[in-house]
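Letter by letter, the chains look like this.
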Amino acid sequence: LLEVKLCHNEIGHLLRQFSYMIPSEDQDVVNAGKEMSSPLQKVAVITGATSGIGKAFACYYASQGYHLLLTGRRKDVMLDVALRLETKYAVSIEMVYADLSKTEDVSRLMRVIGDRSNIEVLVNCAGYGLDEKFSEDNINHQIAMVGVHVNAPLKLTHKVLPEMMRNHRGTIINVSSLAAYMPT
């Protein structure tokens, strides 16, 4: 899709300019700069937005004028992505730092989504793989992965779908991997 690039000096300038936004260790929701100013502005919610396909979706929807609600586990990387996109496309970005394998983080994200009527896109892109064979791995690792791959997308879709149906518009994209079809 799109790749956004800034030179090292520009990133440093942006981080100094927006240093007030860098969250403390216990701050898990932050705006990259501008508030999501109007409930009429279209919003895309993207999980796993710090790298790979999730980051590409964030770039694409920002380029289309969507305001973004991004989730990811790596605060520094998400802040960098958000600042780049906000600067390049003049959109507002809200970030929710969340590990979607944790029920409390999914619940917090759902509270942030609330009853917004302007979410037009949900991209469920958070995911990862495990190196161990299923039969040899710790079952808690497998359960956490199911939380990210199945439970979080299910809950988020259930949260945004009713409003999308009332508005007669919306897009839900569930990203998965062909690795799911490979024997272990």
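Here, the structure is the one placed above.
Each value, and the rule that gives it
Residues numbered from 1 in each chain as written. Predicted model: local features only at pLDDT ≥ 70, side-chain atom pairs only at ≥ 80, totals over all residues. Heavy atoms only, no water. Helix = DSSP H or I, 4+ residues; strand = E, 2+ residues; numbered from the N terminus. Buried < 20%, exposed > 50% of the residue type's maximum accessible area, 1.4 Å probe, protein only. Contact = heavy atoms within 4.5 Å. 1 Å grid on protein atoms, 1.4 Å probe; cavity = no way out; pocket = protein on both sides within 12 Å on 5 of 7 lines; lining within 4 Å. Points joined across faces, edges and corners; volume = space filled by probe spheres on them. Nonpolar A, V, L, I, M, F, W, Y, C, P; charged D, E, K, R; others polar. Axes fitted to C-alpha atoms, helices over the stretch in contact; angles between N-to-C directions. Parallel < 35°, antiparallel > 145°, perpendicular 65-115°, else oblique. Left-handed = near helix turned anticlockwise from the far one by under 90°. Patch = residues over 30% accessible without salt bridge, like charges linked within 9 Å, V, L, I, M, F, W, Y side chains within 5 Å. Areas by Shrake-Rupley, 256 points an atom, 1.4 Å probe, with all protein chains shown as cover. Salt bridge = Lys/Arg side-chain N within 4 Å of Asp/Glu carboxyl O.

Before going further, it helps to spend a moment on the overall build of the protein. Scanning the protein from terminus to terminus reveals five helices and six strands. Counting from the amino terminus, helix and strand elements in the protein follow one another as α-β-β-α-β-α-β-α-β-α-β. Looking at the protein as a whole, 41% of its 184 residues qualify as buried. For the protein, restricting intrachain contacts to residue pairs at least 6 apart in sequence, the fraction spanning at least 24 positions comes to 69%.

Moving on, we get to the layout of surface pockets. If you add up the space inside the largest pocket, you get close to 1100 Å³. As for the largest pocket, its lining consists of 41 residues, and the residues nearest its centre are Ala-126, Gly-127, Tyr-128, Gly-129 and His-149. Listed by contribution, the elements that provide at least two residues to the lining of the largest pocket are helix H2 (52-63), strand E3 (67-72) and helix H5 (139-167). Per element, the largest residue contribution to the lining of the largest pocket is six residues, and it comes from H5. Classifying every residue of the lining of the largest pocket by side-chain character gives 18 nonpolar, 17 polar and six charged.

A word on the packing of H2 against helix H3 (residues 75-89). If you want to describe how two helices pack, look at the angle between their axes and the distance between the axes. Where H2 contacts H3, the two axes come as close as 10 Å, and the packing angle between them is 20 degrees. Relative to H3, H2 is oriented roughly parallel. Once H2 is placed against H3, the crossing between them reads as right-handed. Here H2 contributes Lys-55, Ala-58, Cys-59, Ala-62 and Ser-63 to the contact with H3, which in turn contributes Val-81, Leu-85 and Tyr-89. For the contact of H2 with H3, the class distribution of residues is six nonpolar, one polar and one charged.

A separate point is the environment of Leu-154. Tracing the backbone through its elements, the reader meets Leu-154 in helix H5. Classification of Leu-154 as exposed rests on a relative accessible area of 57%. Spatially, the C-alpha atom of Leu-154 lies 9.2 Å from that of Asn-124, the residues being 30 residues apart in sequence.

This part is about a nonpolar patch on the surface. Judged by side-chain polarity, Phe-134, Ile-139 and Ile-143 come together as a nonpolar surface patch covering roughly 320 Å² of accessible area. Its place among the elements puts Phe-134 in the loop between strand E5 (119-124) and H5.

Below, the discussion takes up unusual backbone geometry. One non-glycine residue, Ala-90, adopts positive backbone phi at about 55 degrees. Its location among the elements puts Ala-90 in the loop between H3 and strand E4 (93-97). Positive phi outside glycine occurs at His-168, with the angle close to 60 degrees. By the element assignment, His-168 lies in the loop between H5 and strand E6 (171-174). His-168 sits in the exposed class, given a relative accessible area of 74%.

Throughout the structure, instances matching the rule amount to five salt bridges. For Arg-116, the salt bridge is made with Glu-94, and the minimal N-O distance between the two is 2.9 Å. Placement of Arg-116 in the loop between helix H4 (103-113) and E5 and of Glu-94 in strand E4 is noted, with a sequence separation of 22 residues between them. Note on Glu-94: relative accessible area 11%, which makes it buried. Here Glu-120 ties to Arg-169 by a salt bridge, and the two come within 2.9 Å at their closest N and O atoms. Pair noted here: Glu-120 is in strand E5 and Arg-169 is in the loop between H5 and E6, with a separation of 49 residues, a long-range link. Under the relative-accessibility criterion, Glu-120 is labelled buried at 17%.

Let's shift gears to empty space enclosed by the protein. Considering all chains together, one arrives at one cavity of 30 Å³ or more under this definition. Taken together, Ile-113, Gly-114, Arg-116, Ser-117, Ile-119, Lys-159, Val-160, Glu-163 and Met-164 make up the lining of the largest cavity. The leading source of residues in the lining of the largest cavity is H5, at four residues. Residues of the lining of the largest cavity, tallied by class, amount to four nonpolar, two polar and three charged.

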